[in-house]
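Coordinates in review
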Amino acid sequence: MNNTVANSRAAMSASKYTLQCNSPQCRVKLSGFAWVTACSHVFCDQHGSEQFSRTPSVCPTCSTMLSGKLDVLRTELAPSEQYKAMILIGLQPETVLEICHKALVFWTYQVNQERLLMEYNMSRAGGQVLQMEKFMIQQNKSRELELNTLRVEIATLKKGLEEYKQKYNEVLERLNERNRQYQKLQGLLDSLRMHTLGIGEKDPTPHTFTTGLVKQHSPHSPLFLRPEGDRFFSLGPDNSQSFFQFSSPTRDRTHSFIKKN
Ligand SMILES: [Zn+2]
Ligand SMILES: [Zn+2]
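Residues numbered from 1 in each chain as written. Chains lettered and ligands numbered in written order. Predicted model: local features only at pLDDT ≥ 70, side-chain atom pairs only at ≥ 80, totals over all residues. Heavy atoms only, no water.

**Here's the deal with the overall build of the protein chain**
Threshold: Each helix is a run of DSSP H or I of at least 4 residues and each strand a run of E of at least 2, with the numbering of both proceeding from the N terminus. Accessibility here uses a 1.4 Å probe with only protein chains present; expressed as a share of the type maximum, an area under 20% marks a residue as buried, one over 50% as exposed, and anything in between as partly exposed. Note on areas: Shrake-Rupley with a 1.4 Å probe; residue coverage comes only from the protein chains shown.
Helix and strand counts for the protein chain stand at seven helices and five strands. Helices and strands in the protein chain line up, N terminus first, as α-β-β-α-β-β-β-α-α-α-α-α. Residue burial in the protein chain is summarised as follows: out of 261 residues, 17% are buried. Of the accessible surface of the protein chain, which amounts to about 20,400 Å², a share of 60% is contributed by carbon and sulfur atoms.

**With respect to a nonpolar patch on the surface**
Applicable threshold: Patches here are clusters of residues that have more than 30% relative accessible area and form no salt bridge, with a 9 Å joining cutoff for like charges and a 5 Å cutoff for nonpolar side chains (Val, Leu, Ile, Met, Phe, Trp, Tyr). Take a side-chain nitrogen of Lys or Arg and a carboxyl oxygen of Asp or Glu: if they are within 4 Å of each other, that pair is a salt bridge.
Together, Y168, L172 and L175 make up a nonpolar patch on the protein surface, roughly 300 Å² of accessible area in all. Along the chain, L172 turns up in helix α4 (residues 93-202).

**Re the nonpolar core**
Which entries qualify depends on this criterion: What we call a nonpolar core is a set of buried Ala, Val, Leu, Ile, Met, Phe, Trp, Tyr and Cys residues that are connected through their side-chain atoms within 4.5 Å. In this analysis, two residues are considered to be in contact whenever any of their non-hydrogen atoms come within 4.5 Å of each other.
Membership of the largest hydrophobic core comes to 15 residues, with the highest contact counts inside it found for L30, V42, F43, F52 and L66. For this core, the secondary structure elements donating two or more residues are β1 (33-37) and β2 (42-44). Discounting chain neighbours no more than four positions away, the residues touching V42 are L19, Q20, C21, N22, L30, A34, W35, V36, F106 and Q110.

**Some remarks on the environment of C59**
Tracing the chain through its elements places C59 in the loop between β3 (57-58) and β4 (65-66). The sequence separation of C59 and T37 amounts to 22 residues, and the corresponding C-alpha distance is 7.7 Å. Setting aside residues up to four positions removed in sequence, C59 forms contacts with C39, H41, F43, F52, T64 and L66.

**What about the coordination of the zinc ion (ligand 1)?**
Octahedral metals with six donors have ideal donor angles of 90 or 180 degrees. Tetrahedral metals with four donors have an ideal donor angle of 109.5 degrees. How we decide: Note that water is not among the atoms considered, so a metal site may appear incomplete; the donors listed are N, O and S atoms within 2.8 Å of the metal, with 3.2 Å applied to Na, K and Ca. A four-donor site is called tetrahedral if each angle lies between 85 and 135 degrees; a four-donor site is square planar, and a six-donor site octahedral, when trans pairs exceed 155 degrees and the remaining angles lie between 65 and 115; all other cases are labelled irregular.
Within the first shell, the zinc ion (ligand 1) binds the protein through C21 (SG), C26 (SG), C44 (SG) and H47 (ND1), at distances of 2.0 to 2.4 Å. Here the zinc ion (ligand 1) is ringed by four donor atoms whose angles at the metal span 96 to 119°, and the overall shape comes out tetrahedral. Considered as a linear motif, the donors of the zinc ion (ligand 1) on their single chain read C-x4-C-x17-C-x2-H. Highlighted residues: C26 in the loop between α1 (2-16) and β1 and H47 in helix α2 (residues 45-52), separated in sequence by 21 residues.

Below you can see the structure in the form of structure tokens.
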């Protein structure tokens, strides 16, 4: 019972199968008229007309020489009921069966060829998919590698940046410290200048601080004598001292006073 159903289903699906033009560039599903050959190939009306208009002709699929009168036949794929009713009439039963057998052999061959072609295409596509997969895996691996390299690079750069930031902060801290020292010295200098100025206006006697400064120099710090013999122009280790002596408005007065002495 089940077998019968399966068989009838197979028969139904087989009858639903449509032949395709055997020309590799065409492969159109056949309907209406088609050209069939003794070598069991079939072509659409267009390709058949082109290929078999001259005699003898050659099968474009298998290169069989088709020179006989019935080697190529243009046939109607869905013949009329009248045609079907008459075409085999009067023939011996074995002839009828022989004709049916040959027609079925042709059909089986076509279906098998289609199956083989499909299998070939499938295996080729499968191979392509496999190749693509391999390629993709390789690509992914190399991308992963690149990504990891970049990650390491980023980490190194971040570390470097952190170090630079720290160094910058240290340098900034030092600079601020220097600035504070400078401000302090500047303040000291200003107060000393004011002090010296006040003294100079009141009393022409050189302030002990000036002499004290010169005396404070270590024996290694040289005393520079300017051409005019300014003994108070000294290049001490501290710039603020020389600056002080250079810019001191009372220097000339002090100088002249010392010269007098
Ligand atoms: Zn065709
Ligand atoms: Zn052929």
